[in-house]
Amino acid sequence: MTETTSAYTADATAAGLGTYPHPKPVLHTGALAAAIRVQLRTWVPAELGFTVPSPKLTAEPADSIARVLGEITEHVEVYAADTGVNAEPWGLTHLFHAHADSLYAAHGRGDAYLLGALYSLIAARAHIRDHYEGRIELDPFGGHRPTVDESALIETARVQLTTWVPDTFGTIVPLPERWALHDAADLSDLLADVLGAGEAKYGDMDDDDSIRGMGHLANARAHGLKAGYGHGDDHLFATLNSLVLAAASLA
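Residues numbered from 1 in each chain as written. Predicted model: local features only at pLDDT ≥ 70, side-chain atom pairs only at ≥ 80, totals over all residues. Heavy atoms only, no water.

## Thoughts on the packing of aromatic side chains
Part 1 of the reasoning: Taken as a whole, this structure holds three aromatic pairs when the rule is applied.
Part 2 of the reasoning: Ring geometry for phenylalanine 169 versus tyrosine 202: centroids 6.2 Å apart, planes at 70°, classification edge-to-face. With phenylalanine 169 in helix H8 (residues 165-169) and tyrosine 202 in helix H9 (residues 184-202), this pair connects stretches of sequence that are 33 residues apart. As far as burial versus exposure is concerned, phenylalanine 169 and tyrosine 202 are alike and both buried. (Phe/Tyr/Trp six-rings, centres within 6.5 Å; stacked < 30°, edge-to-face > 60°. Helix = DSSP H or I, 4+ residues; strand = E, 2+ residues; numbered from the N terminus. Buried < 20%, exposed > 50% of the residue type's maximum accessible area, 1.4 Å probe, protein only.)

Following this line, the structure appears as structure tokens:
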């Protein structure tokens, strides 16, 4: 193992021991809205020709996201007609589902609908940008009342991994089926395998994307360890955010 990859592992271990130097993550409406904007910026400008605007200081976070997703869904039809792009049907389905969830959130139905929107956008990116051929369920709640809880966060992270890890690392990291990860500790163990695969493939590379992507992957593992040791769902959410950024660089 190189000095760089050892540093990745050391950071992750430090997180599990409670000595990780990064600020404590948060999980609230504003954080969910910010995560959605970050996720959109990893693919929408390049794939759909739409610049994701910065939020207005006076806008409520959920209202702002609903407005942006409404503009994107309207833009998609015009963009496809002008460019001749044949948008993948499942990708559009998830994109429209994200908009619907954001409208629920904007009308006061709760933050869980923002998490549902983020989940759907992860699926939309996979289908539209990466031509993912697998089937992704429409939400991370499994027919239960939408709630931002450990189960929904873990399922969202699992789906996010499903959309890029197999194509990036091959079958070296087997991914579990829906609901097979029972708690944060299970996700943490999976992230250890993903980080190990990343170290094997990218550990000796010094290009910006590899370094940046491995940094985000190490952060995902770090927060996964914190969550696995019982430090709360905020760290599961931080894991998800880091995975979104890792995929943007490595996938």
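Back to the write-up after that little detour.
## Description of helix H10 (residues 208-228)
Part 1 of the reasoning: Here H10 contains 21 residues, and its C-alpha end-to-end distance of 30 Å stays within 8% of the 30 Å for a straight helix at 1.5 Å per residue.
Part 2 of the reasoning: Of all the 21 residues making up H10, 15 are buried; the element is thus mostly covered by neighbouring parts of the structure.
Part 3 of the reasoning: One or two steps after H10, the chain reaches glycine 230, where phi turns positive at roughly 85°. (Expected span 1.5 Å × (residues − 1).)

## Things to note about the nonpolar core
Part 1 of the reasoning: Ranked by internal contacts, the top residues of the largest apolar core, which has 63 residues, are Leu40, Ile72, Leu161, Trp164, Leu187 and Leu217.
Part 2 of the reasoning: If you tally residues by element for this core, the top one is helix H6 (residues 112-128), at ten residues.
Part 3 of the reasoning: Residues Ala123, Tyr132, Ile136 and Val159 belong to the second largest nonpolar core, which totals six residues. (Core = buried A, V, L, I, M, F, W, Y, C linked by side-chain atoms within 4.5 Å.)

## Quick word on the packing of H6 against helix H7 (residues 150-162)
Part 1 of the reasoning: Where H6 contacts H7, the axes come no closer than 9 Å and their chain directions differ by 15°. As judged from the angle between their axes, H6 and H7 are roughly parallel. With respect to the hand of their crossing, H6 and H7 are arranged in left-handed fashion. Of the residues in H7, those touching H6 at Leu115, Tyr119 and Ile122 are Ala152, Leu153, Glu155, Thr156, Val159 and Gln160.
Part 2 of the reasoning: Residue composition of the contact of H6 with H7, by class: six nonpolar, two polar and one charged. (Axes fitted to C-alpha atoms, helices over the stretch in contact; angles between N-to-C directions. Parallel < 35°, antiparallel > 145°, perpendicular 65-115°, else oblique. Left-handed = near helix turned anticlockwise from the far one by under 90°. Contact = heavy atoms within 4.5 Å. Nonpolar A, V, L, I, M, F, W, Y, C, P; charged D, E, K, R; others polar.)

## Some details on the pattern of salt bridges
Working definition: two side chains of opposite charge can pair if their charged atoms are close together.
Part 1 of the reasoning: Enumeration according to the criterion identifies six salt bridges in this entry.
Part 2 of the reasoning: Here arginine 125 ties to aspartate 130 by a salt bridge, and the two come within 3.4 Å at their closest N and O atoms.
Part 3 of the reasoning: Under the relative-accessibility criterion, aspartate 130 is labelled partly exposed at 24%.
Part 4 of the reasoning: One connected set of salt bridges, linked through shared partners, spans Arg125, Arg129 and Asp130. (Salt bridge = Lys/Arg side-chain N within 4 Å of Asp/Glu carboxyl O.)

## Observations regarding the environment of phenylalanine 141
Part 1 of the reasoning: Here phenylalanine 141 is to be found in the loop between H6 and H7.
Part 2 of the reasoning: Once the C-alpha coordinates of phenylalanine 141 and leucine 115 are considered, the two residues, 26 residues apart in sequence, prove to be 9.9 Å apart.
Part 3 of the reasoning: Excluding residues that lie within four positions of it along the chain, phenylalanine 141 makes contacts with Ala112, Leu115, Gly116, Pro146, Thr147, Ala152, Arg178 and Trp179.

## Describing the packing of helix H5 (residues 89-106) against H6
Part 1 of the reasoning: Running from N to C, H5 and H6 cross one another at 165°; their axes reach a closest spacing of 8 Å. As judged from the angle between their axes, H5 and H6 are roughly antiparallel. The two elements H5 and H6 meet at a crossing, and its hand is left-handed. When H5 is examined against H6, the residues Trp90, Gly91, Leu92, His94, Leu95, His97, Ala98, Asp101, Ser102, Tyr104 and Ala105 are found in contact with a partner set consisting of Tyr113, Leu114, Gly116, Ala117, Ser120, Leu121, Ala123, Ala124, His127 and Ile128.
Part 2 of the reasoning: Split by residue class, the contact of H5 with H6 holds 13 nonpolar, seven polar and one charged.

## Things to note about unusual backbone geometry
Part 1 of the reasoning: For histidine 131, which is not glycine, the phi dihedral falls at a positive 55°.
Part 2 of the reasoning: Tracing the backbone shows histidine 131 in the loop between H6 and H7.
Part 3 of the reasoning: What makes histidine 131 exposed here is its relative accessible area of 59%.
Part 4 of the reasoning: Located in the positive-phi region is tryptophan 179, a residue other than glycine, with phi close to 70°.

## Considerations on the environment of glycine 213
Part 1 of the reasoning: By the secondary structure assignment, glycine 213 is in helix H10.
Part 2 of the reasoning: Distance from glycine 213 to leucine 250, taken between C-alpha atoms, is 5.5 Å for residues 37 residues apart in sequence.
Part 3 of the reasoning: When residues no more than four places from it in sequence are discounted, the contact partners of glycine 213 are Ala246, Ser249 and Leu250.

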